[in-house]
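The chain contents come next:
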Amino acid sequence: MLDEIALMQTEAEAAIAAADSEAALEELRVKYLGRNGLVRGQFQKLGSLPKEDRPAVGAALNQLAKGLEERLEARRAELAAADADRALLADAIDITLPGRSHRVGKRHPLLATLDEMVAIFLGLGFRVVEGPEVEDYYHSFTALNYPEYHPAMDEQMTFYCGPDVLLRSQTSTVQIRAMEHMEPPVRIVVPGRCYRRDTVDATHCHTFYQLEGLLVDEGVTFADLKGTLEIFAREMFGERCHVRFRPDFFPFTEPSAEVALSCTLCEGGGCRVCSNTGYLEVGGAGEVDPNVLAGVGYDTDKYTGFAFGVGVERFTMLRHGIDDIRLFYSGDMRFLGQF
Ligand code: DAH
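Residues numbered from 1 in each chain as written. Predicted model: local features only at pLDDT ≥ 70, side-chain atom pairs only at ≥ 80, totals over all residues. Heavy atoms only, no water.

**Student:** Before we move on, can you summarise the overall build of the chain with the specific residues and values?
**Tutor:** The number of helices and strands found in the chain is eleven helices and nine strands. Whereas a compact globule of 339 residues would reach a radius of gyration of roughly 20 Å, the chain reaches 45 Å, over 25% beyond that. Along the three orthogonal principal directions, the C-alpha set of the chain runs to about 140 × 45 × 35 Å. Across the 339 residues of the chain, 41% fall into the buried class. For the chain, the computed accessible surface area is about 19200 Å², with 52% contributed by carbon and sulfur atoms. Put simply, the chain has 34 plus and 52 minus side-chain charges, and the middle of one group is 10 Å from the middle of the other. (Helix = DSSP H or I, 4+ residues; strand = E, 2+ residues; numbered from the N terminus. Rg over C-alpha atoms; globule rule 2.2 N^0.38 Å. Buried < 20%, exposed > 50% of the residue type's maximum accessible area, 1.4 Å probe, protein only. Areas by Shrake-Rupley, 256 points an atom, 1.4 Å probe, with all protein chains shown as cover. Lys, Arg positive; Asp, Glu negative; His and termini not counted. Charge placed at Lys NZ, Arg CZ, Asp CG, Glu CD.)

Written out as C-alpha coordinates, the structure is:
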(Lines give C-alpha, C1' and ligand atoms only; values in the text may rest on other atoms or scores of the structure.)
Protein backbone atom coordinates (compact mmCIF):
# COMPACT_ATOMS: atom_id res chain seq x y z
CA MET A 1 0.00 0.00 0.00
CA LEU A 2 2.92 2.30 0.63
CA ASP A 3 3.88 1.76 -3.01
CA GLU A 4 0.42 2.71 -4.11
CA ILE A 5 0.63 5.88 -2.03
CA ALA A 6 4.00 6.76 -3.52
CA LEU A 7 2.65 6.23 -7.04
CA MET A 8 -0.39 8.35 -6.29
CA GLN A 9 1.88 11.10 -5.00
CA THR A 10 4.02 11.05 -8.16
CA GLU A 11 0.97 11.17 -10.42
CA ALA A 12 -0.75 13.89 -8.43
CA GLU A 13 2.35 16.06 -8.26
CA ALA A 14 2.87 15.79 -12.02
CA ALA A 15 -0.77 16.69 -12.63
CA ILE A 16 -0.57 19.71 -10.34
CA ALA A 17 2.59 20.93 -12.01
CA ALA A 18 0.93 20.62 -15.41
CA ALA A 19 -2.32 22.33 -14.40
CA ASP A 20 -2.60 25.71 -16.11
CA SER A 21 -5.70 27.23 -14.57
CA GLU A 22 -7.54 27.69 -11.30
CA ALA A 23 -10.27 25.42 -12.58
CA ALA A 24 -7.86 22.62 -13.39
CA LEU A 25 -6.34 22.88 -9.90
CA GLU A 26 -9.76 22.77 -8.28
CA GLU A 27 -10.59 19.64 -10.26
CA LEU A 28 -7.40 18.00 -9.00
CA ARG A 29 -8.17 19.03 -5.42
CA VAL A 30 -11.57 17.37 -5.64
CA LYS A 31 -10.10 14.35 -7.35
CA TYR A 32 -7.48 13.71 -4.65
CA LEU A 33 -8.54 15.50 -1.51
CA GLY A 34 -12.31 15.84 -1.91
CA ARG A 35 -14.81 14.00 0.23
CA ASN A 36 -14.91 11.13 -2.27
CA GLY A 37 -11.36 11.68 -3.39
CA LEU A 38 -8.63 9.16 -3.93
CA VAL A 39 -6.70 9.99 -0.75
CA ARG A 40 -9.77 9.60 1.37
CA GLY A 41 -10.40 6.26 -0.38
CA GLN A 42 -7.01 5.15 0.84
CA PHE A 43 -7.78 6.23 4.37
CA GLN A 44 -10.85 4.05 4.30
CA LYS A 45 -8.70 1.09 3.44
CA LEU A 46 -6.68 1.57 6.61
CA GLY A 47 -9.16 -0.44 8.66
CA SER A 48 -8.50 -3.55 6.64
CA LEU A 49 -4.76 -3.43 7.20
CA PRO A 50 -2.93 -5.48 9.83
CA LYS A 51 -2.81 -3.43 13.00
CA GLU A 52 0.96 -3.02 13.01
CA ASP A 53 1.02 -1.56 9.49
CA ARG A 54 -1.62 1.08 10.15
CA PRO A 55 0.54 3.78 11.83
CA ALA A 56 3.09 3.86 9.02
CA VAL A 57 0.50 3.86 6.24
CA GLY A 58 -1.64 6.38 8.11
CA ALA A 59 1.34 8.67 8.53
CA ALA A 60 2.21 8.29 4.85
CA LEU A 61 -1.35 9.17 3.85
CA ASN A 62 -1.41 12.21 6.13
CA GLN A 63 1.80 13.36 4.64
CA LEU A 64 0.49 12.79 1.13
CA ALA A 65 -2.63 14.87 1.85
CA LYS A 66 -0.64 17.67 3.43
CA GLY A 67 1.97 17.61 0.63
CA LEU A 68 -0.69 17.77 -2.07
CA GLU A 69 -2.47 20.58 -0.26
CA GLU A 70 0.76 22.55 -0.23
CA ARG A 71 1.56 21.81 -3.87
CA LEU A 72 -1.91 22.92 -4.94
CA GLU A 73 -1.55 26.16 -3.00
CA ALA A 74 1.91 26.83 -4.43
CA ARG A 75 0.75 26.18 -7.99
CA ARG A 76 -2.26 28.44 -7.46
CA ALA A 77 0.05 31.28 -6.34
CA GLU A 78 2.29 30.66 -9.33
CA LEU A 79 -0.62 30.92 -11.75
CA ALA A 80 -1.90 34.11 -10.09
CA ALA A 81 1.54 35.71 -10.39
CA ALA A 82 1.75 34.76 -14.05
CA ASP A 83 -1.69 36.27 -14.60
CA ALA A 84 -0.60 39.53 -12.98
CA ASP A 85 2.53 39.59 -15.12
CA ARG A 86 0.47 39.10 -18.23
CA ALA A 87 -1.88 41.93 -17.24
CA LEU A 88 1.06 44.24 -16.59
CA LEU A 89 2.61 43.40 -19.93
CA ALA A 90 -0.66 43.96 -21.73
CA ASP A 91 -0.88 47.62 -20.73
CA ALA A 92 2.81 48.25 -20.41
CA ILE A 93 4.23 51.59 -21.58
CA ASP A 94 7.19 51.35 -23.85
CA ILE A 95 9.52 53.86 -22.26
CA THR A 96 12.01 53.50 -25.09
CA LEU A 97 9.60 55.13 -27.61
CA PRO A 98 10.51 58.73 -28.43
CA GLY A 99 8.09 61.21 -26.82
CA ARG A 100 5.53 63.25 -28.72
CA SER A 101 6.63 66.83 -28.67
CA HIS A 102 4.05 69.57 -28.25
CA ARG A 103 4.21 72.42 -30.70
CA VAL A 104 4.86 75.60 -28.84
CA GLY A 105 3.36 78.73 -30.33
CA LYS A 106 5.27 81.98 -30.47
CA ARG A 107 4.88 85.57 -31.54
CA HIS A 108 4.68 86.33 -35.22
CA PRO A 109 7.90 88.20 -36.17
CA LEU A 110 5.88 91.31 -37.03
CA LEU A 111 4.16 91.41 -33.66
CA ALA A 112 7.42 90.63 -31.84
CA THR A 113 9.03 93.64 -33.55
CA LEU A 114 5.99 95.80 -32.84
CA ASP A 115 6.19 94.82 -29.16
CA GLU A 116 9.81 95.92 -29.04
CA MET A 117 9.05 99.21 -30.74
CA VAL A 118 6.20 99.88 -28.34
CA ALA A 119 8.38 98.98 -25.35
CA ILE A 120 10.87 101.71 -26.32
CA PHE A 121 8.14 104.34 -26.39
CA LEU A 122 6.64 103.09 -23.13
CA GLY A 123 10.06 103.74 -21.64
CA LEU A 124 9.85 107.32 -22.95
CA GLY A 125 6.52 107.90 -21.19
CA PHE A 126 4.11 107.19 -24.06
CA ARG A 127 1.05 105.01 -23.54
CA VAL A 128 -0.62 102.64 -25.97
CA VAL A 129 -3.96 103.47 -27.57
CA GLU A 130 -5.81 101.46 -30.18
CA GLY A 131 -8.52 102.39 -32.64
CA PRO A 132 -10.88 100.76 -35.12
CA GLU A 133 -9.61 99.24 -38.36
CA VAL A 134 -12.92 100.02 -40.01
CA GLU A 135 -13.16 103.81 -40.01
CA ASP A 136 -15.39 106.57 -41.26
CA TYR A 137 -14.35 109.17 -43.79
CA TYR A 138 -14.30 111.97 -41.23
CA HIS A 139 -11.65 110.38 -38.97
CA SER A 140 -9.70 109.06 -41.93
CA PHE A 141 -9.42 112.30 -43.85
CA THR A 142 -11.51 115.33 -42.93
CA ALA A 143 -10.28 115.59 -39.35
CA LEU A 144 -6.72 114.99 -40.56
CA ASN A 145 -6.97 118.12 -42.68
CA TYR A 146 -7.20 116.40 -46.08
CA PRO A 147 -9.01 118.78 -48.45
CA GLU A 148 -11.41 116.83 -50.66
CA TYR A 149 -9.86 115.94 -54.03
CA HIS A 150 -6.36 116.73 -52.70
CA PRO A 151 -3.67 114.71 -54.50
CA ALA A 152 -2.43 113.47 -51.10
CA MET A 153 -5.57 111.29 -51.10
CA ASP A 154 -4.11 109.24 -53.94
CA GLU A 155 -1.65 107.59 -51.57
CA GLN A 156 -4.50 106.63 -49.27
CA MET A 157 -6.56 104.65 -51.79
CA THR A 158 -8.15 101.94 -49.71
CA PHE A 159 -11.06 99.53 -49.47
CA TYR A 160 -14.49 101.05 -48.95
CA CYS A 161 -17.27 99.12 -47.22
CA GLY A 162 -19.74 101.92 -48.03
CA PRO A 163 -19.61 105.53 -49.23
CA ASP A 164 -18.46 106.70 -45.81
CA VAL A 165 -16.99 103.55 -44.28
CA LEU A 166 -13.54 102.23 -45.14
CA LEU A 167 -10.62 100.13 -43.93
CA ARG A 168 -8.19 102.63 -42.42
CA SER A 169 -5.22 103.41 -44.62
CA GLN A 170 -3.06 104.75 -41.78
CA THR A 171 -3.00 104.67 -37.99
CA SER A 172 -3.04 108.49 -38.03
CA THR A 173 -6.85 108.18 -37.78
CA VAL A 174 -6.42 107.18 -34.13
CA GLN A 175 -4.74 110.55 -33.39
CA ILE A 176 -8.18 112.11 -33.82
CA ARG A 177 -10.09 109.44 -31.89
CA ALA A 178 -7.63 109.72 -28.98
CA MET A 179 -7.66 113.52 -28.83
CA GLU A 180 -11.46 113.57 -28.91
CA HIS A 181 -11.36 111.83 -25.53
CA MET A 182 -8.26 113.35 -23.95
CA GLU A 183 -7.01 116.71 -22.80
CA PRO A 184 -3.31 117.60 -23.26
CA PRO A 185 -0.74 116.49 -22.38
CA VAL A 186 -1.24 113.66 -24.89
CA ARG A 187 1.57 111.17 -25.27
CA ILE A 188 0.45 108.06 -27.14
CA VAL A 189 1.62 105.38 -29.54
CA VAL A 190 -0.84 103.46 -31.70
CA PRO A 191 0.18 100.05 -33.04
CA GLY A 192 -2.13 98.61 -35.64
CA ARG A 193 -3.05 97.15 -38.96
CA CYS A 194 -3.77 99.29 -42.03
CA TYR A 195 -4.99 98.58 -45.54
CA ARG A 196 -4.30 100.10 -48.91
CA ARG A 197 -5.18 99.27 -52.46
CA ASP A 198 -1.55 98.57 -53.31
CA THR A 199 -0.37 96.10 -55.91
CA VAL A 200 1.32 93.31 -53.98
CA ASP A 201 5.04 92.86 -54.62
CA ALA A 202 8.20 92.20 -52.58
CA THR A 203 7.87 95.50 -50.70
CA HIS A 204 4.12 96.27 -50.84
CA CYS A 205 1.10 94.55 -49.41
CA HIS A 206 -2.58 95.46 -49.15
CA THR A 207 -2.34 94.79 -45.40
CA PHE A 208 0.44 96.14 -43.22
CA TYR A 209 1.27 97.42 -39.75
CA GLN A 210 2.14 100.90 -38.61
CA LEU A 211 3.20 102.41 -35.34
CA GLU A 212 1.85 105.91 -34.91
CA GLY A 213 3.06 108.38 -32.32
CA LEU A 214 1.50 111.61 -31.06
CA LEU A 215 2.64 114.07 -28.44
CA VAL A 216 0.74 117.27 -27.67
CA ASP A 217 1.69 119.59 -24.85
CA GLU A 218 2.78 123.15 -24.20
CA GLY A 219 5.95 124.21 -25.96
CA VAL A 220 6.53 121.05 -28.04
CA THR A 221 8.90 121.72 -30.96
CA PHE A 222 10.37 119.94 -33.94
CA ALA A 223 13.52 119.42 -31.85
CA ASP A 224 11.48 117.20 -29.48
CA LEU A 225 10.38 115.12 -32.45
CA LYS A 226 13.96 114.73 -33.68
CA GLY A 227 15.26 113.82 -30.24
CA THR A 228 12.51 111.28 -29.66
CA LEU A 229 13.04 109.50 -32.98
CA GLU A 230 16.83 109.58 -32.54
CA ILE A 231 16.51 107.78 -29.21
CA PHE A 232 14.09 105.30 -30.74
CA ALA A 233 16.45 104.55 -33.66
CA ARG A 234 19.41 104.01 -31.36
CA GLU A 235 17.47 101.77 -28.99
CA MET A 236 16.21 99.73 -31.92
CA PHE A 237 19.34 99.43 -34.08
CA GLY A 238 22.25 100.46 -31.88
CA GLU A 239 24.22 103.59 -30.98
CA ARG A 240 25.53 104.16 -34.50
CA CYS A 241 22.09 104.44 -36.07
CA HIS A 242 20.90 107.99 -36.76
CA VAL A 243 17.84 109.59 -38.31
CA ARG A 244 17.61 111.73 -41.43
CA PHE A 245 14.72 114.18 -41.85
CA ARG A 246 13.86 115.54 -45.29
CA PRO A 247 11.02 117.87 -46.21
CA ASP A 248 7.83 116.08 -47.17
CA PHE A 249 4.11 116.77 -47.19
CA PHE A 250 1.32 115.36 -45.04
CA PRO A 251 -1.94 117.29 -44.65
CA PHE A 252 -2.00 116.80 -40.88
CA THR A 253 1.53 118.05 -40.14
CA GLU A 254 3.24 121.37 -40.84
CA PRO A 255 6.16 121.23 -41.39
CA SER A 256 6.27 117.59 -42.45
CA ALA A 257 9.24 115.32 -42.87
CA GLU A 258 10.16 112.03 -44.41
CA VAL A 259 11.97 109.90 -41.82
CA ALA A 260 14.91 107.72 -42.84
CA LEU A 261 17.42 105.75 -40.79
CA SER A 262 21.08 105.34 -41.65
CA CYS A 263 21.29 101.94 -43.33
CA THR A 264 21.53 99.28 -40.66
CA LEU A 265 23.70 97.12 -42.91
CA CYS A 266 26.32 99.54 -44.32
CA GLU A 267 25.83 102.26 -41.68
CA GLY A 268 25.48 104.95 -44.34
CA GLY A 269 28.23 103.90 -46.74
CA GLY A 270 25.88 102.60 -49.43
CA CYS A 271 24.96 99.02 -50.22
CA ARG A 272 22.41 96.86 -52.02
CA VAL A 273 19.85 97.05 -49.18
CA CYS A 274 19.73 100.87 -49.21
CA SER A 275 20.17 101.11 -53.01
CA ASN A 276 23.48 102.84 -52.41
CA THR A 277 21.84 105.82 -50.72
CA GLY A 278 23.06 105.01 -47.21
CA TYR A 279 19.53 105.56 -45.84
CA LEU A 280 16.34 103.59 -45.45
CA GLU A 281 13.01 105.37 -45.52
CA VAL A 282 10.85 104.19 -42.61
CA GLY A 283 7.97 106.68 -42.32
CA GLY A 284 6.71 110.20 -41.96
CA ALA A 285 6.54 112.79 -39.21
CA GLY A 286 6.01 116.45 -38.45
CA GLU A 287 4.63 119.16 -36.21
CA VAL A 288 0.89 118.61 -35.83
CA ASP A 289 -1.00 121.06 -38.06
CA PRO A 290 -2.91 123.59 -35.91
CA ASN A 291 -6.01 122.84 -38.01
CA VAL A 292 -5.99 119.30 -36.62
CA LEU A 293 -5.63 120.48 -33.02
CA ALA A 294 -8.36 123.08 -33.48
CA GLY A 295 -10.60 120.41 -35.02
CA VAL A 296 -10.62 118.45 -31.74
CA GLY A 297 -11.11 121.64 -29.71
CA TYR A 298 -7.57 122.16 -28.44
CA ASP A 299 -6.31 125.71 -27.81
CA THR A 300 -3.73 126.18 -30.55
CA ASP A 301 -2.21 129.22 -28.87
CA LYS A 302 -1.32 127.06 -25.93
CA TYR A 303 -0.59 123.65 -27.39
CA THR A 304 1.69 122.31 -30.08
CA GLY A 305 2.63 118.74 -30.87
CA PHE A 306 4.49 116.33 -33.05
CA ALA A 307 3.42 113.12 -34.72
CA PHE A 308 5.06 110.31 -36.59
CA GLY A 309 4.15 107.06 -38.30
CA VAL A 310 6.49 104.20 -39.16
CA GLY A 311 6.02 100.91 -40.98
CA VAL A 312 6.51 97.79 -38.90
CA GLU A 313 7.22 95.45 -41.84
CA ARG A 314 10.20 97.55 -42.87
CA PHE A 315 11.74 97.36 -39.41
CA THR A 316 11.19 93.63 -39.20
CA MET A 317 12.70 93.06 -42.64
CA LEU A 318 15.77 95.10 -41.68
CA ARG A 319 16.26 93.31 -38.40
CA HIS A 320 16.02 89.82 -39.81
CA GLY A 321 17.32 90.33 -43.34
CA ILE A 322 13.97 89.39 -44.92
CA ASP A 323 13.68 90.41 -48.55
CA ASP A 324 10.00 89.78 -49.33
CA ILE A 325 7.10 91.30 -47.41
CA ARG A 326 4.73 88.61 -48.68
CA LEU A 327 6.42 86.04 -46.45
CA PHE A 328 4.85 87.67 -43.38
CA TYR A 329 1.36 86.93 -44.63
CA SER A 330 2.03 83.58 -46.28
CA GLY A 331 1.27 81.47 -43.21
CA ASP A 332 4.24 79.35 -44.28
CA MET A 333 5.46 77.53 -41.17
CA ARG A 334 8.90 76.97 -42.68
CA PHE A 335 9.34 80.74 -42.70
CA LEU A 336 7.60 81.49 -39.40
CA GLY A 337 9.36 78.63 -37.59
CA GLN A 338 12.68 80.44 -37.93
CA PHE A 339 11.85 83.16 -35.44
N1 DAH B 1 0.31 108.20 -41.90
C2 DAH B 1 1.43 108.49 -42.78
C3 DAH B 1 1.53 107.39 -43.82
O4 DAH B 1 0.92 106.39 -43.67
C5 DAH B 1 2.71 108.52 -41.97
C6 DAH B 1 2.75 109.72 -41.08
C7 DAH B 1 3.29 110.89 -41.52
C8 DAH B 1 2.22 109.66 -39.80
C9 DAH B 1 3.34 112.00 -40.73
C10 DAH B 1 2.28 110.78 -38.99
C11 DAH B 1 2.84 111.94 -39.47
O12 DAH B 1 1.78 110.79 -37.74
O13 DAH B 1 2.87 113.01 -38.65
O14 DAH B 1 2.20 107.57 -44.79
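On we go from here.
**Student:** How would you summarise the environment of G192 if you had to cite specific residues and measurements?
**Tutor:** By secondary structure assignment, the location of G192 is in strand β4 (residues 186-195). Among all residues touching G192, those that are not within four sequence positions of it are R168, T171, F208, Y209 and Q210. (Contact = heavy atoms within 4.5 Å.)

**Student:** Break down the pattern of salt bridges for me, citing the residues and quoting the values.
**Tutor:** The full count for this structure, using the stated rule, is 19 salt bridges. Residues R240 and E267 are paired through a salt bridge, measuring 2.9 Å at the closest nitrogen-oxygen approach. With R240 in the loop between α8 (222-237) and β6 (243-250) and E267 in the loop between β7 (253-262) and β8 (279-288), the pair connects residues that are 27 residues apart, well separated along the chain. Judged by its relative accessible area of 62%, R240 is exposed. What makes E267 partly exposed here is its relative accessible area of 44%. One salt bridge in this structure joins R334 and D332, with 2.8 Å as the shortest N-O distance. Overall, the relative accessible area of 67% leaves R334 in the exposed class. Note on D332: relative accessible area 22%, which makes it partly exposed. (Salt bridge = Lys/Arg side-chain N within 4 Å of Asp/Glu carboxyl O.)

**Student:** Now, about empty space enclosed by the protein: what can you tell me, with residues and values included?
**Tutor:** Going through the model one piece at a time under the given rule, you end up with one cavity of 30 Å³ or more. As a volume, the largest cavity reaches approximately 40 Å³. Elements with a minimum of two residues in the lining of the largest cavity: α8 and β7. Considering every element that reaches the lining of the largest cavity, the biggest residue donor is α8, with three residues. (1 Å grid on protein atoms, 1.4 Å probe; cavity = no way out; pocket = protein on both sides within 12 Å on 5 of 7 lines; lining within 4 Å. Points joined across faces, edges and corners; volume = space filled by probe spheres on them.)

**Student:** I'd love a proper account of the layout of surface pockets, names of residues and values included.
**Tutor:** Counted as a void, the second largest pocket has a volume near 170 Å³. The wall of the second largest pocket is formed by R103, V104, G105, K106, R107, H108, P109, M333, L336, G337 and F339.

**Student:** Break down the side chain of T171 for me, citing the residues and quoting the values.
**Tutor:** If you trace the backbone, T171 turns up in the loop between β3 (165-167) and α7 (173-181). Each residue touching T171, except ones within four places of it in the same chain, is listed here: V190, G192, C194, Q210, L211 and E212.

**Student:** Describe the site of the ligand, and please don't skip the residues or the numbers.
**Tutor:** Lining the immediate surroundings of the ligand are 15 residues, of which Q170, S172, R196, Q210 and E212 lie closest. Within the side chain of Q210, an N or O atom sits 2.8 Å from an oxygen atom of the ligand. Between an oxygen atom of the ligand and a side-chain N or O atom of E212, the distance comes to 2.6 Å. When the residues that make up the shell around the ligand are grouped by side-chain class, the tally is five nonpolar, eight polar and two charged. (Near = heavy atom within 4 Å. Polar contact = N/O pair within 3.5 Å; in protein donor to acceptor, adjacent residues only side chain to side chain. Nonpolar A, V, L, I, M, F, W, Y, C, P; charged D, E, K, R; others polar.)

**Student:** Please provide a residue-by-residue account of the side chain of R168, values included.
**Tutor:** Mapped onto the fold, R168 is located in the loop between β3 and α7. Only 3.2 Å separates the side chain of R168 from the backbone oxygen of P132, close enough to count as a polar contact.

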